[in-house]
Amino acid sequence: MKTVAVIGSGSWGTALAIQLHSAGNKVILWSFKEEEAENIRKNRENTEYLPGIHIPEEIYITHIDSDVEQADMLVFATPSKFTRNMAERFKDRVKPDEIIVNVAKGFEEHTLLRLSQVIKEVIPQCRVVTLSGPSHAEEVGKGMATAVVAASEDLHIAEEVQDIFMTPMFRVYTSADLIGVEMGGAMKNLIALAAGIADGVGYGDNAKAALMTRGMVEISRLGAVMGARKETFMGLSGIGDLIVTCTSMHSRI
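Bear in mind the structure is a predicted one, so any value in this text is a computation, not a measurement.

With that settled, the discussion passes to a nonpolar patch on the surface. A surface patch of nonpolar side chains, about 360 Å² in accessible area, is lined by Ile197, Val201 and Tyr203. By the secondary structure assignment, Ile197 is in helix H7 (residues 178–200).

Given below as structure tokens:
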């Protein structure tokens, strides 16, 4: 059993807190707002972001920063635009070599850094893993079958995260291609936006399939130039995430 602190009580953070509890860990769910933390603690439900999903009593809900110091691992589950702010906020509470798992997707707007780069820049003493793949919070929170990939430049660290998250219904693969996994999770949103426009104007399934397929080719080419492996984009964090984002009713880019 590990003690894991999930930073961010949105839909994804809440779903992952439930998942980590199911995997046998002691879980802390940190919320930015005191009122929100109290509401979740009282109702055992995140009525705003993940309604209808019960949050086990064993999950500790807090808004107090110092509570995360007892954790063995942190999960950053805030939107990508807040990644640097959260890293700055918690940097002095992170122990040397502590693992931080980034589960947000995107690039930092002004620097164009990948999110793992942002975290490592602010918290150099940590070890960073990115968890990504086709994984809507609404289904993970219900314990529905899901597969994702944990990526780190050090495969052994990714395997540690794999062990902490894995359950029979939440399968975690590992990858040493951190660049490819992060780029796949971020860049697929551009193609998904175009797919939504294609749906809106009535272009049909043929055009949508072509858009998705050729879009992934472009993403993989760009990724290769930036140092990623092309084959990574044929996996969960590439084509898998693209399919679910372009076709699911849960998508909200």
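That covers the picture; the talk isn't over yet.
Take unusual backbone geometry next. Residue Asp97 is not a glycine yet carries a positive backbone phi of 70 degrees. Among the structural elements, Asp97 can be located in the loop between helix H3 (83–90) and strand S5 (99–102). Notably, Leu112 is not glycine yet its phi reads approximately 65 degrees, a positive angle.

This part is about the sheet that holds strand S1 (residues 3–7). Judged by pairing direction, the sheet is mixed, and its eight strands sit side by side in the order S3-S2-S1-S4-S5-S6-S7-S8 without closing on themselves. Two strands in the sheet have a free side with no partner beyond their single neighbour: strand S3 (60–62) and strand S8 (170–175). The average undirected angle you get between the axes of adjacent strands in this sheet is 25 degrees. Examined bridge by bridge, S1 and strand S4 (residues 73–76) share four bridges and lie parallel to one another. Residue Ala5 lies in a different strand from S4, and its bridge partner there is Leu74. Along the sheet, helix H6 (residues 155–165) makes contact with S1, S4, S5, strand S6 (127–132), strand S7 (146–151) and S8, crossing S8 at roughly 180 degrees.

Within helix H4 (residues 115–122), the full set of buried residues consists of Leu115, Ser116, Val118, Ile119 and Val122. For H4, the arc enclosing every buried residue in end-on projection is 160 degrees, short of the 170-degree limit, so these residues lie on one face. Where H4 is buried, its residues meet S4, H3, S5, S6 and H7.

Counted under the stated rule, the structure contains three aromatic pairs. With a centroid separation of 5.1 Å and 90 degrees between ring planes, the pair formed by Trp30 and Phe90 is classed as edge-to-face. Of this pair, Trp30 sits in strand S2 (residues 26–30) while Phe90 sits in helix H3, and the two are 60 residues apart along the sequence. A relative accessible area of 1% places Trp30 in the buried class. The rings of Trp30, Phe32 and Phe90 are connected pair by pair, giving a single aromatic cluster.

Rules used throughout
Residues numbered from 1 in each chain as written. Predicted model: local features only at pLDDT ≥ 70, side-chain atom pairs only at ≥ 80, totals over all residues. Heavy atoms only, no water. Patch = residues over 30% accessible without salt bridge, like charges linked within 9 Å, V, L, I, M, F, W, Y side chains within 5 Å. Areas by Shrake-Rupley, 256 points an atom, 1.4 Å probe, with all protein chains shown as cover. Salt bridge = Lys/Arg side-chain N within 4 Å of Asp/Glu carboxyl O. Helix = DSSP H or I, 4+ residues; strand = E, 2+ residues; numbered from the N terminus. Pairing = 2+ DSSP bridges. Axes fitted to C-alpha atoms, helices over the stretch in contact; angles between N-to-C directions. Contact = heavy atoms within 4.5 Å. Buried < 20%, exposed > 50% of the residue type's maximum accessible area, 1.4 Å probe, protein only. Arc of directions from axis to C-beta. Phe/Tyr/Trp six-rings, centres within 6.5 Å; stacked < 30°, edge-to-face > 60°.

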